[in-house]
Amino acid sequence: MNPALLYRPGAALSDAELRAMRLDGLVFEVGDAFLPADVPETADIRLLSLASHLRDEHVVSGTTAAWVHGAGDRRPPRCHVRPLGPRRLRAPADAAVVLHDGVVPSTEFQVLSGIRVLTVPAALVDLARSGRDPESRTWLLALLALDPTQVSPAIDLLRERERLPGKRLAIATLESGYDEVTR
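Residues numbered from 1 in each chain as written. Predicted model: local features only at pLDDT ≥ 70, side-chain atom pairs only at ≥ 80, totals over all residues. Heavy atoms only, no water.

S.K.: Would you explain the confidence of the model for the chain in this entry?
M.R.: Do not read the predicted coordinates in detail wherever pLDDT is low. Per-chain confidence: the chain averages 90 in pLDDT, with 97% of residues scoring 70 or above. Within the chain, strand β5 (residues 97-99) has the poorest average pLDDT of any element, 89, and helix α4 (residues 120-128) the best, 96. (pLDDT = per-residue confidence, 0-100. Helix = DSSP H or I, 4+ residues; strand = E, 2+ residues; numbered from the N terminus.)

Okay, structure coming up:
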């Protein structure tokens, strides 16, 4: 997808102009940007719409990764990221970004349009480890509903890790989520 087709308010057109075009059915909102109505919304486009919030050392995670992979039709209010490498990052200046701890192994993320995002199984693990947070549970179920077969690779990821706080609870959360979406 050509990034020039993603219209950001204030670049070529003002926010008011883009919202008027949306009312006319010419564009639709994708994250913080707008896309022509005849261009399909893909994971690449969803990631590109978040680019202004992300830095090179970020990996999109949690609820935001679930949205990027197609769960939900509106992006989460805040962009969730984790550090790419082992060093700690400073808190982002952007209040729309939530930085979580934890190194992301290279096998657990993919690069789309030059931006790193957790794979679907890794995103499921991330959401399942969020405990009993209702928002994470909603996104977990939405992501599982897209492809319930991803629960098995997610559980395998959890089982591969020897020492991981909340591992049993996360496996139970994934199993109950799978049961809920396949009924």
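Still more to cover.
S.K.: Sorry, what's going on with the packing of α4 against helix α6 (residues 151-160) here?
M.R.: Helix-helix packing is characterised by the crossing angle of the two axes and by the distance between the axes. Running from N to C, α4 and α6 point in directions that differ by 65°, and their axes come no closer than 8 Å. Looking at the two axes, α4 sits roughly perpendicular to α6. Where α4 crosses over α6, the handedness of that crossing is right-handed. Contacts from Pro121, Ala122, Leu124 and Val125 of α4 reach α6 at Val151, Pro153, Ala154, Leu157 and Leu158. Its residues assigned to classes, the contact of α4 with α6 shows nine nonpolar, no polar and no charged. (Axes fitted to C-alpha atoms, helices over the stretch in contact; angles between N-to-C directions. Parallel < 35°, antiparallel > 145°, perpendicular 65-115°, else oblique. Left-handed = near helix turned anticlockwise from the far one by under 90°. Contact = heavy atoms within 4.5 Å. Nonpolar A, V, L, I, M, F, W, Y, C, P; charged D, E, K, R; others polar.)

S.K.: I tried to follow the pairing of strand β2 (residues 33-36) on my own but got confused; where do I start?
M.R.: Each regular strand carries side chains that alternate between the two faces of the sheet. Residue alternation in β2 divides its side chains into two sets, Ala33 and Leu35 and Phe34 and Pro36, and both sets are buried. Where strand β1 (residues 27-30) and β2 come together, four bridges link them in antiparallel fashion. The partner of valine 30 across the bridge, within β2, is alanine 33. Adjacent in sequence and paired antiparallel, β1 and β2 are bridged by two residues, among which glycine 31 carries a positive phi angle near 60°. (Buried < 20%, exposed > 50% of the residue type's maximum accessible area, 1.4 Å probe, protein only. Pairing = 2+ DSSP bridges.)

S.K.: I tried to follow the layout of surface pockets on my own but got confused; where do I start?
M.R.: The gaps left among the atoms become clear once a water-sized probe is rolled over them. Space inside the largest pocket adds up to approximately 300 Å³. If you go around the largest pocket, you meet 17 residues; those closest to its centre are Arg82, His100, Asp126, Arg129 and Ser130. Looking at the lining of the largest pocket, the element that brings in the most residues is α4, giving four residues. Here the lining of the largest pocket is built from residues that sort into three nonpolar, six polar and eight charged. (1 Å grid on protein atoms, 1.4 Å probe; cavity = no way out; pocket = protein on both sides within 12 Å on 5 of 7 lines; lining within 4 Å. Points joined across faces, edges and corners; volume = space filled by probe spheres on them.)

S.K.: Explain the pattern of salt bridges here, please?
M.R.: Pairs can form between side chains of opposite charge once their charged atoms are near each other. Counted by the stated rule, this structure contains nine salt bridges. With a closest N to O distance of 3.1 Å, aspartate 15 and arginine 19 form a salt bridge. Remark: arginine 19 and aspartate 15 occur in helix α1 (residues 15-23); sequence separation between them is four residues, near one turn of the helix. Among the residues examined, aspartate 15 registers a relative accessible area of 33% and is labelled partly exposed. Among the salt bridges present, the one from glutamate 29 reaches arginine 19, with a minimum N-O distance of 3.5 Å. Of this pair, glutamate 29 sits in strand β1 while arginine 19 sits in helix α1; the two residues are 10 residues apart in sequence, bridging distant segments of the chain. Take glutamate 29: its relative accessible area is 22%, and that puts it in the partly exposed class. Assessed through its relative accessible area of 31%, arginine 19 is described here as partly exposed. (Salt bridge = Lys/Arg side-chain N within 4 Å of Asp/Glu carboxyl O.)

S.K.: I would appreciate a short explanation of unusual backbone geometry in the present structure.
M.R.: Glycine aside, the phi torsion of most residues is negative, and most peptide linkages are trans. In the Ramachandran plot, serine 113 falls in the positive-phi region, its phi being about 55° despite a non-glycine side chain. Among the secondary structure elements, serine 113 is positioned in the loop between β6 (109-112) and β7 (115-118). Taking the relative accessible area as the measure of exposure, serine 113 reaches 35% and is therefore partly exposed.

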